[in-house]
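Spelled out, the chains give:
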Amino acid sequence: MKTRDKFSPYSLHLYDVECAKQYYFEYLDAYTSDFRNKPKLKQILVEDGRSKDLVFGDVIHRVLNDFFHLVSAERTEPRLIEILKETWAGPRGKERGFPQIEDERKHYERALKLLKRFAQTQNLNPEITYLPQTENEGEFIKENLLMFPFEPGIILQGKIDRIDREEDGYHLIDYKTSRSESHDDLQLSAYAILSRQALGKPIHKASYLYLETGNFKTFPVTEETEAKTRQRIVEMISRIKADEEFAPRPGKRCYWCPYVEFCPAKDKANEYIAELRQSRGETETTDLPF
Ligand code: SF4
């Protein structure tokens, strides 16, 4: 079986917490992991109307990143909303995530509300010491990927949203557009290792910033938490390398999965998707997986 020598905090979370089979399709399967097939697979989600939340999360991340690249004097609420309009560049339509215009309107309004609240409640002029650089590649935006050799033959890589310099040290911030606020510390601790090794910035604390509510969920970062995280990552990678089955774990996550058609748990996955479609209705109460 194909093996892998690059791991990210996201891929480890996908394998360990979400679904090992989705990890397999994403990174190991000869067909679905091939980058030439990714646009086709993404289109399955788009046409099925299941990519709206993913597009929404991506737009919000891009808007905030562009906003914080501005000089302090330009970081105002009207400018933030202007960047949203430019980034949305709509209507995006069926090819770019929204088969129904009503759905697109609803998500745009949600983005508008979220960003207005962000401008009114968050510090718009923190002392930022790291923000990803972005590069336009046609319709796609490429963010710089940080990486470093974690162990012999193993690369740890990932994208960090923001690092602020505060009175007590470096503060790493990971934006979340999900309504669930139940994320554990593993991803943040792994990003903290990445920051120290790839950027030379030792993190003092790391937070998820839940953009729907403005809540921070903060974890301290110490030598001890870093040593424990290293151990967890090494143990996880050896489990991944030894795994021959990559058992599917059908659940709510299947709604956002582009590999349903290939999945041995397809029937169960489709039941979850139907259930979720029904429960979403007009109320959009679903937790997002990122
Ligand atoms: S459809 Fe569900 S169970 Fe199958 S790979 Fe995707 S997330 Fe996992």
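In this numbering scheme, every chain counts its residues from 1 along its sequence in written order. Selection of residues for local features in this predicted model requires a pLDDT of at least 70, selection of side-chain atom pairs for listing and counting requires 80 or more, and totals for whole chains, interfaces and linings are taken over all residues.

Colleague: Just give me the short version of the overall build of the protein, but keep the residues and values in it.
Modeller: For the purposes of this entry, the term helix denotes a DSSP run of H or I that reaches at least four residues, the term strand denotes a run of E that reaches at least two, and both are numbered from the N terminus. Each helix and strand in the protein was counted, giving 9 helices and 10 strands. Counting only C-alpha atoms and orienting by the principal axes, one finds that the protein spans roughly 55 × 50 × 35 Å. Contact between two residues is assigned when their C-beta atoms, built from the backbone, lie within 7 Å. Considering only contacts in the protein between residues 6 or more positions apart, those separated by 24 or more positions represent 65%.

Colleague: I'd like to hear about the sheet that holds strand β1 (residues 6-7), residue by residue, with values.
Modeller: Taking strand neighbours across the sheet as the criterion, the 3 strands line up as β1-β6-β5 in an open arrangement whose pairing is mixed. On the outer flanks of this sheet lie β1 and β5 (146-151), each paired with one strand and no other. The criterion for strand pairing is that DSSP finds at least two bridges linking the strands in question. Relative to strand β6 (residues 154-158), β1 runs parallel, the two being bridged by 2 bridges. Within the sheet, the bridge partner assigned to Phe7 lies in β6 and is Leu156.

Colleague: For the sheet that holds strand β8 (residues 169-176), give the residues involved together with the corresponding values.
Modeller: Taken in spatial order, the 5 strands of this open sheet run β2-β7-β8-β9-β10, and their pairing is mixed. Each having just a single partner strand, β2 (128-130) and β10 (215-220) make up the two edges of the open sheet. Strand-to-strand twist in this sheet, taken as the mean axis angle between neighbours without regard to direction, amounts to 30°. Sheet topology places strand β9 (residues 203-210) next to β10; 6 bridges connect them, and they run antiparallel. When the bridges of β10 are listed, Tyr210 appears paired with Asn215. Structural elements are reduced to axes, namely lines fitted to C-alpha atoms, with helices fitted over the stretch in contact, and the angle between N-to-C directions of any two is expressed from 0 to 180 degrees. Across the face of the sheet, helix α7 (residues 186-199) comes into contact with β2, β7 (162-166), β8, β9 and β10 while running at roughly 130° to β9.

Colleague: Give me the lowdown on the environment of Ser72, citing residues and values where you can.
Modeller: Mapped onto the elements of the fold, Ser72 is located in the loop between α4 (52-68) and α5 (77-88). To sort residues by exposure, count the other C-beta atoms lying within 10 Å of each residue's C-beta; 20 or more gives buried, 12 or fewer gives exposed, and values between give partly exposed, all with C-beta atoms placed from the backbone. On the neighbour-count criterion, Ser72 (11 C-beta atoms within 10 Å) is exposed. C-alpha separation for the pair Ser72 and Tyr208, spaced 136 residues apart in sequence, amounts to 23 Å.

Colleague: So what's going on with the packing of α4 against α5? Residues and values would help.
Modeller: To characterise two packed helices, one gives the angle between the axes of the helices and the distance between these axes. Interhelical geometry of α4 versus α5 gives an angle of 130° and a closest axis separation of 9 Å. Comparing the axis directions of α4 and α5 gives the class oblique. Where α4 crosses over α5, the handedness of that crossing is right-handed. Residues Val59, Arg62, Val63, Asp66 and Phe67 of α4 pack against Leu80, Ile83, Leu84, Thr87 and Trp88 of α5. Angular relationships are summarised with four words: roughly parallel below 35 degrees, roughly antiparallel beyond 145, roughly perpendicular across 65 to 115, and oblique for the angles in between. By the definition used in this description, the sense in which the near helix is turned from the far one sets the handedness, with an anticlockwise turn below a right angle giving left-handed and a clockwise turn giving right-handed.

Colleague: Can you lay out helix α8 (residues 223-242) for me, pointing to particular residues and giving the numbers?
Modeller: The periodicity of an α-helix, 3.6 residues per turn, causes residues three or four positions apart to be oriented the same way. Expected helix span is taken as 1.5 Å per residue step, with the number of steps being one fewer than the number of residues. The end-to-end C-alpha separation of α8 is 29 Å, in line with the 28 Å expected for 20 residues at 1.5 Å each. All of the buried residues in α8 are Thr229, Ile233 and Ile240. Down the axis of α8, the buried set is contained in an arc of 40°. They therefore lie on one face. Away from its buried face, by an angle of more than 90 degrees, α8 presents the exposed residues Glu223, Glu224, Ala227, Gln231, Glu235, Ser238, Arg239 and Ala242. If you follow the buried residues of α8, they end up packed against α1 (9-18) and α7. Arc, as used here, means the arc of the directions from the helix axis to the C-beta atoms.

Colleague: Outline the nonpolar core, listing residues and values.
Modeller: To form a nonpolar core, buried Ala, Val, Leu, Ile, Met, Phe, Trp, Tyr and Cys residues must be joined through C-beta atoms within 7 Å. The biggest cluster of nonpolar side chains holds 35 residues, and the ones touching the most others in it are Leu172, Tyr191, Ala192 and Ala206. Where this core is concerned, the elements lending two or more residues are α1, α2 (20-27), β8, α7, β9 and α8. Ranked by residue count, the leading element in this core is α7, at 6 residues. Counting residues in each nonpolar core, the second largest holds 13 residues, with Val59, Trp88, Leu115 and Phe118 among its members.

Colleague: Could you give an account of unusual backbone geometry, with specific residues and numbers?
Modeller: One non-glycine residue, Phe246, lies in positive phi territory at about 50°. Within the secondary structure, Phe246 is located in the loop between α8 and α9 (266-280).

These figures capture arrangement, not role.
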